[in-house]
Amino acid sequence: LLAYLPRPPTDTSRYGTFPQKPEFPATPGATAEVGRQQASAAAAKRSALMPNYLSLSRHGSIIPGEPSLPPSCGGAAAQHRPGDPSRCLASTHRYPLSVPNIPSSARGQTPARSTTTTVPTPEGLQSRRRKLLEEDGPVVQASKRQRQRYVTKVGKCQVNLGNIQEKKRFLSDIFTTIVDLKYRWFLFVFMMCYIVTWVVFGTVYFFDAWARGDVRHRGDPEWRACIENVDDFISALLFSVESQRTIGYGSRMVTANCAEGVILLMAQSIVGSMIDALMVGCMFVKISRPKKRAQTLIFSKNCVISRRDEQLCLMFRVGDLRESHMVDAKIRAKLIKSRQTAEGEFIPLEQSELNLGYDTGEDRLFLVEPQIICHVINRRSPFWDMSAESLCREQFEIIIILEGIVEATGNRSLAAGMTCQARTSYTEDEILWGYRFEPCMSLEKGAFRVDYSRFEMTFEVQTPAASARALHELEELEQRQRPRLSPRWDPLPPPGE
């Protein structure tokens, strides 16, 4: 959740947080005097600690006699966003300015004045730059690890449910609870249901034989036993298994000498039938669930943004690797993004719908070959004001959900078909501005051929970096400035005139 929360600006450095002193109103003369004293003290400290210190431009003012960055990157600190340290590294390599490493022992101590100043060599600057990049490496990795997905690329939801108080709700839907178990726990429950019933009824049979005295009259031909050949616990357990599974070897049986034996046999038969219906049904549903069918439904690794039919569109590609196709396939998209309302309420991970052609029926797919799904960026799109530059500063996630009925489990009426769902997600770093997907279909002898090796390939196209709103306003401005033809038709004068 930390990846989606807003990050307030903090006055920090790579060595720690420095508290700011409260500012008090002062006269202009005193302010100028204090500024000169601070500037002289800072210059003395820089000359003592770092003789080769290069000052950067701040707020448009440049210290005379010192090199500075070009105006294009003067706002690099403001443009840098958390979680994207690559810009800092790129700017470090682009300009030959470097800040030498300040030893920890030098901080907090009064620097000694030095009369000699040494000019560092280019090799020294390069070594300091490499040392600075090596020290910033763990920081870069830590910032990348903070980016938490809502849904992984393979479709797994990264949401853990905890502190659920009413666990009895799961027992009310015992069938779904058993089916949702992992296979190791499902097989354990499957076996324990039968073993527990066999042991329980075997214990009851043995207790009945012991209470009636069948155990004490073992081998007595004149004794009328309730259950024949049940004289210990092992024989009672075997009789329980034979009765519930209707094996019937013939050596053990219930006689008419006792009514409780007949009642126990009827009860075990009913309980055994209920367990068979529940366990066999759960096993059939769990095996036949088309959950693995989503493994053969693939999505492109990146989204692309380019113009299509004179409109800016966000596009991605989806394909099916099996020859048995999805029936009644439908696709939809959700935008996951945190926002703050006008009243100050913060809404984390708000879900909004992305139109993929619901009003025109383009969201219903005939997925026999890879399809490029298009989201038109218009006034109703949440990307209406997003440009190529603002895309780098945004933090959001697009969830793609593809649903359909597995053809192997459905019939003509689609009543008995099983629904399969495949999911994936795209973050702002996985959107390519100004690209298109390469075609992956070709015509062969008597059929079309799909080359899935070109499924992920894209190529760059000429695309304006402005937002869809800016492009729309520019088109309206051009239309207003375009000269209009007069609706009246003036006939040409005769040739003689």
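Residues numbered from 1 in each chain as written. Predicted model: local features only at pLDDT ≥ 70, side-chain atom pairs only at ≥ 80, totals over all residues. Heavy atoms only, no water.

(A) Representation of the packing of aromatic side chains. Counted under the stated rule, the structure contains 9 aromatic pairs. Ring geometry for Phe-207 against Trp-210: centres 6.1 Å apart, planes inclined by 35°, an arrangement best described as tilted. Of this pair, Phe-207 and Trp-210 are both found in helix H7 (residues 183-212), 3 residues apart, which corresponds to roughly one turn of the helix. By relative accessible area, Phe-207 is classed as exposed at 55%. Within the aromatic cluster, the residues linked to one another by ring pairs are Phe-190, Tyr-194 and Trp-198. Sitting over the ring of Tyr-183, Lys-286 keeps its end group 4.8 Å from the ring centre. Positioned over the ring face of Phe-455 is Arg-317, at 5.6 Å from the centre of the ring. (Phe/Tyr/Trp six-rings, centres within 6.5 Å; stacked < 30°, edge-to-face > 60°. Helix = DSSP H or I, 4+ residues; strand = E, 2+ residues; numbered from the N terminus. Buried < 20%, exposed > 50% of the residue type's maximum accessible area, 1.4 Å probe, protein only. Lys NZ or Arg CZ within 6 Å of the ring centre and 35° of its normal.)

(B) Main features of the packing of helix H8 (residues 233-244) against helix H9 (residues 259-288). One can describe the packing of H8 onto H9 by two numbers: an axis separation of 9 Å at closest approach and a directional angle of 55°. One finds that H8 runs oblique with respect to H9. Where H8 crosses over H9, the handedness of that crossing is right-handed. Only Leu-265, Gln-268 and Gly-272 of H9 make contact with H8, whose side of the interface consists of Ser-240, Ser-243 and Gln-244. The class makeup of the residues in the contact of H8 with H9 is 1 nonpolar, 5 polar and no charged. (Axes fitted to C-alpha atoms, helices over the stretch in contact; angles between N-to-C directions. Parallel < 35°, antiparallel > 145°, perpendicular 65-115°, else oblique. Left-handed = near helix turned anticlockwise from the far one by under 90°. Contact = heavy atoms within 4.5 Å. Nonpolar A, V, L, I, M, F, W, Y, C, P; charged D, E, K, R; others polar.)

(C) Examining the pairing of strand S17 (residues 447-450) more closely. Sheet topology places strand S16 (residues 441-444) next to S17; 4 bridges connect them, and they run antiparallel. Considered in S17, the bridge of Ser-442 is made with Arg-449. The turn linking S16 back onto S17 is made up of 2 residues, and Gly-446 within it adopts a positive phi angle of 80°. (Pairing = 2+ DSSP bridges.)

(D) Fine view of the packing of H7 against H8. Where H7 contacts H8, the axes come no closer than 8 Å and their chain directions differ by 125°. Between H7 and H8, the crossing angle belongs to the class labelled oblique. The two elements H7 and H8 cross, and the hand of that crossing is right-handed. Packed against H7, whose contacting residues are Tyr-194, Thr-197, Trp-198, Val-199, Phe-201, Gly-202, Thr-203, Tyr-205 and Phe-206, the element H8 presents Phe-233, Ala-236, Leu-237, Phe-239, Ser-240, Val-241 and Gln-244 at the interface. Within the contact of H7 with H8, the residues separate by chemical class into 11 nonpolar, 5 polar and no charged.

(E) Structural detail: the UniProt feature "transmembrane region" (unreviewed entry) in the protein chain. As annotated in UniProt, the feature "transmembrane region" (unreviewed entry) corresponds to residues 185-207 and 262-285 in the numbering used here. Secondary structure across residues 185-207 comprises 100% helix and 0% strand; the distance between its end C-alpha atoms is 32 Å. The span residues 262-285 is 100% helical and 0% strand by assignment, and the distance between its end C-alpha atoms comes to 35 Å. (UniProt positions renumbered as here; feature names shortened; annotations may be inferred.)

(F) Seen up close, unusual backbone geometry. Notably, Asp-309 is not glycine yet its phi reads approximately 55°, a positive angle. With respect to the secondary-structure elements, Asp-309 resides in the loop between strand S6 (303-308) and strand S7 (311-320). By relative accessible area, Asp-309 is classed as exposed at 69%. One non-glycine residue, Glu-310, adopts positive backbone phi at about 60°.

(G) Examining the pattern of salt bridges more closely. Following the criterion strictly, the structure yields 20 salt bridges and no others. Close ionic contact of Arg-307 with Glu-475 constitutes a salt bridge, the shortest N to O distance being 3.4 Å. Of this pair, Arg-307 sits in strand S6 while Glu-475 sits in helix H11 (residues 468-481), placing them 168 residues apart in sequence. In this structure Arg-307 comes out as partly exposed when scored by relative accessible area, which is 24%. We classify Glu-475 as partly exposed; its relative accessible area is 33%. Arg-332 is the partner of Glu-403 in a salt bridge, and the nearest nitrogen-oxygen pair spans 3.7 Å. Taken together, the positions of Glu-403 in strand S12 (residues 397-406) and Arg-332 in strand S8 (residues 326-340) put the pair 71 residues apart, joining distant regions of the chain. When salt bridges that share partners are traced, they join Arg-149, Lys-153 and Glu-430 into one network. (Salt bridge = Lys/Arg side-chain N within 4 Å of Asp/Glu carboxyl O.)

(H) Representation of the state of the cysteines. Taken as a whole and assessed by the stated rule, the structure comprises 1 disulfide. With a sulfur-sulfur separation of 1.5 Å, Cys-226 is cross-linked through a disulfide to Cys-258. Because the torsion about its S-S bond is 55°, the bridge between Cys-226 and Cys-258 counts as right-handed. With Cys-226 in the loop between H7 and strand S3 (227-228) and Cys-258 in the loop between strand S4 (253-254) and H9, the pair connects residues that are 32 residues apart, well separated along the chain. (Disulfide = S-S within 2.5 Å.)

(I) Local environment of the side chain of Arg-293. Within the element layout of this structure, Arg-293 appears in the loop between H9 and strand S5 (297-299). What makes Arg-293 buried here is its relative accessible area of 7%. Among the polar contacts listed, one links the side chain of Arg-293 to the side chain of Thr-296, at a separation of 2.6 Å. A polar contact of 2.8 Å, which involves the side chain of Arg-293, links it to the backbone oxygen of Ser-324. Beyond its immediate sequence surroundings of up to four residues, Arg-293 is in contact with Asp-320, Arg-322, Ser-324, His-325, Met-326, Val-406 and Cys-420. (Polar contact = N/O pair within 3.5 Å; in protein donor to acceptor, adjacent residues only side chain to side chain.)

(J) Looking closely at the nonpolar core. Of all hydrophobic cores here, the largest spans 36 residues; its most connected members are Phe-383, Ile-398 and Leu-402. Counting only elements with at least two residues in this core, the list comes to S5, S6, S7, S8, helix H10 (388-391), S12, strand S13 (419-427) and strand S14 (431-433). Sequence-distant contacts of Leu-402, that is, excluding residues within four places in its chain, are made with Leu-297, Phe-299, Val-318, Ala-329, Lys-330, Ile-331, Leu-365, Leu-367, Cys-420, Gln-421 and Ala-422. If you look at the next biggest cluster of nonpolar residues, it comprises 10 residues, including Phe-201, Ala-209, Cys-226 and Ile-227. (Core = buried A, V, L, I, M, F, W, Y, C linked by side-chain atoms within 4.5 Å.)

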